[in-house]
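Summary of the model geometry
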Amino acid sequence: MDAEPATTGPAGLIARLRAKLTGGSSEASLTRRLAGTIFLIRVISAGLAYVSQVLLARWMGTSDYGIYVYVWTWVLLLGSMLDFGISASAQKIIPEYRASGDHALLRGFLSGSRWLTFAVSTLISLALAGLVRLLSPWIDPAEELPLYIGCMTLPAFVVANTQDGIARSHDWMQLGLMPQFIIRQALIIGITAIAFLLGFHLGAVAAMVASLGAVWIAMTGQMVVLNRKLAEHITPGPRAYDVSGWLAVSLPILLVESFYLLLSYTDVLVLQQFRPSDEVGVYFAVVKTLALVSFIHYAMSATTAHRFAEYNASGDKARLSAYVAHAIVWTFWPSLAATAVLLALGKPLLWLFGPQFVVGYDIMFIAAIGLVVRAAIGPVERLLNMLGQQKICALAYALAFVLNVLLCVALVPRFGGHGAAAATSISLTFETVLLFWIVRQRLGLHVLAFGK
């Protein structure tokens, strides 16, 4: 148990808070510091993203903004899947190579994983561009060019994800996250602001061009810095490439990540098919406003995954169990507090996008339910992935995704954004129950933030 100072008053409150954040075991303290760093980066990123989305919504109008949101959602979805799960499996593969002393394989993975994801994502991007061309008679003409630009964005997006996983496996959280979440957002704001001030028409095409440039610039800078840091920490030597072994670990994780992403973006994509673009823009503003809650879950997931693998590889089950419990508690309670604050401030936050966006305020309450329920079990999907339970975890996500699609198709045409939010919250609750049961049965761990 962490000791708490006995002092009272403001000084005592500060001391107790500091003890909570930095006290306890070295692993728990390091996890909180790293998770705090990740959360801070994501909060700053959220601020920048919020500013960029507010400015784009005001500069572009709801229709162009809805098209941009639709195309950018496809970039986020596909870009996060085309690394084959390597960005996540890096947090399992790298610690295992280090623990076993397989330095040649380690060096091969650090280089080969990025070349592999870049080459394959480039080929797939070309195929997707051809698909857009083939389907152009049925695609809204206003969406066609933004979709081509989105295809050009994908290879850099995928490599950046891969480098993020490599950096996080070395506890270089700033290097892994800042290029994607801060530098990229700042560049989007800067490029679009310059275009607007110069008098260019800021429609969906211009916004996608700005996003394309931002993604490529941020990824290239991240690559230069990452290569330098790896050269300082990894001794030179021969490289070995176990591509089949990497894929054997990564592909089941890819299934988990893919179904998670599909579950995250299905509501926006289905909404685009049944409702007008301006309604998609309002719903996306709601999702962005609630993003702070999911950042907390993301921060703990990014911090803990490679340590789950490390403790499991060493056979220290007691340490693993305590670490899992710690991660869950520090996911749920901050998420609950953040949800309460965001719901209280929801109307003024939505008004920043424009007065017409305030109509989405009541949707926030529906969407928040699923996020809070999901936070109650913490980053257990990463626990399952790191402990060899990828397939059953993927099945749980697949079932939740299918349920989400069915509910979205049933509810969105009639209820619009309210139906999309309800479908997603119900699906997240279903997924949470499944994951809780799986961890209980397969690993014998209690993974609820309260109870035993």
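Please read these numbers as outputs of a predicted model, since none were measured by experiment. (Residues numbered from 1 in each chain as written. Predicted model: local features only at pLDDT ≥ 70, side-chain atom pairs only at ≥ 80, totals over all residues. Heavy atoms only, no water.)

1. Here we look at the overall build of the protein
Threshold: In this description a helix means any DSSP run of H or I spanning at least four residues, a strand means any run of E spanning at least two, and both kinds are numbered starting from the N terminus. In this description the radius of gyration comes from C-alpha coordinates, and the expected globular size is given by 2.2 Å times residues to the power 0.38. For the exposure calls, accessible area comes from a 1.4 Å probe over protein chains only, and a residue counts as buried if that area is under 20% of its type's maximum, exposed if over 50%, partly exposed in between. Throughout, a contact is declared for two residues whenever any of their heavy atoms are within 4.5 Å. Throughout, the Shrake-Rupley method with a 1.4 Å probe supplies accessible areas, and for residues the shown protein chains are the sole cover considered. For this count, His and the chain ends are skipped, Lys and Arg are scored as positive, and Asp and Glu as negative. Each charge is placed at NZ for Lys, CZ for Arg, CG for Asp and CD for Glu.
A count of helical and extended segments in the protein gives 17 helices and zero strands. The globule rule puts the C-alpha radius of gyration for 452 residues at 22 Å, and the 22 Å found for the protein is close to it. Counting over 452 residues, the protein shows a buried share of 54%. If you take every contact in the protein between residues at least 6 apart in sequence, the share linking residues at least 24 apart comes to 81%. When the accessible surface of the protein is summed, it comes to about 18,900 Å², and 70% of that surface belongs to carbon and sulfur atoms. Placing the 30 positive and 23 negative side-chain charges of the protein at their respective mean positions leaves the two points 6 Å apart.

2. Thoughts on the confidence of the model for the protein
The criterion, for reference: Each residue gets a pLDDT score, which is the predictor's confidence in that residue and runs from 0 to 100.
Averaged over all residues, the pLDDT of the protein is 83; the fraction at 70 or higher stands at 90%. Mean pLDDT values for the elements of the protein range from 46 in helix 1 (residues 9-22) up to 94 in helix 5 (residues 103-134). pLDDT under 50 marks residues 1-10. Its contacts with residues more than four places away, or in other chains, come to 12 contacts.

3. Side note on the packing of aromatic side chains
What counts here: Each aromatic pair joins two rings of Phe, Tyr and Trp (for Trp, the six-membered one) with centres within 6.5 Å, and gets the label stacked for planes under 30 degrees apart, edge-to-face for over 60, and tilted for any other angle. Distance and angle both matter: a charge sits over a ring if NZ of Lys or CZ of Arg is within 6 Å of the ring centre and within 35 degrees of the ring normal.
Applying the stated criterion to the full structure yields nine aromatic pairs. Taking the centre distance of 5.2 Å and the plane angle of 85° together, the rings of Tyr361 and Phe365 count as edge-to-face. Of the two residues, Tyr361 and Phe365 both sit in helix 14 (residues 361-375), four residues apart, roughly one turn of that helix. Residue class for Phe365 comes out partly exposed when judged on its relative accessible area of 39%. Every member of this aromatic cluster is reached through a ring pair, and the members are Tyr68, Trp72 and Phe157. Positioned over the ring face of Trp172 is Lys229, at 4.8 Å from the centre of the ring.

4. Observations regarding a nonpolar patch on the surface
For clarity, the threshold we go by: Patches in this entry comprise residues that are over 30% relatively accessible and not in a salt bridge; like charges within 9 Å are linked, as are nonpolar side chains (Val, Leu, Ile, Met, Phe, Trp, Tyr) within 5 Å. Here a salt bridge means any side-chain nitrogen of Lys or Arg lying within 4 Å of a carboxyl oxygen belonging to Asp or Glu.
A cluster of nonpolar side chains, namely Leu131, Leu134, Leu135 and Trp138, defines an oily patch on the protein surface of about 470 Å² accessible area. Along the chain, the position of Leu131 falls in helix 5.

5. Structural notes on helix 17 (residues 417-442)
Short version of the rule: The span you would expect from a helix comes to 1.5 Å times its residue count less one.
Taking 1.5 Å of rise per residue, 26 residues should cover 38 Å, and helix 17 covers 37 Å from first to last C-alpha, within 8% of that figure. A positive phi of about 70° marks Gly444, the residue just after helix 17.

6. A closer look at the environment of Leu384
Counting through the fold element by element, Leu384 comes out in helix 15 (residues 380-386). For Leu384 and Val256, which are 128 residues apart along the polypeptide, the C-alpha to C-alpha distance reads 10.0 Å. In this view, Leu384 contacts Gln389, Gln390, Cys393, Leu435, Ile438, Val439 and Leu443; residues no more than four positions away in its chain are not counted.

7. As for the packing of helix 9 (residues 243-274) against helix 16 (residues 390-415)
The test is simple: Interaxial angles span 0 to 180 degrees and are taken between N-to-C directions of axes, which are lines fitted to C-alpha atoms, for helices over the stretch in contact. Relative orientations are named as follows: roughly parallel for angles under 35 degrees, roughly antiparallel for angles over 145 degrees, roughly perpendicular for angles from 65 to 115 degrees, and oblique for any other angle.
Remark: helix 9 packs on helix 16, axes separated minimally by 8 Å, with the N-to-C direction vectors making an angle of 5°. Taken together, the axes of helix 9 and helix 16 lie roughly parallel to each other.

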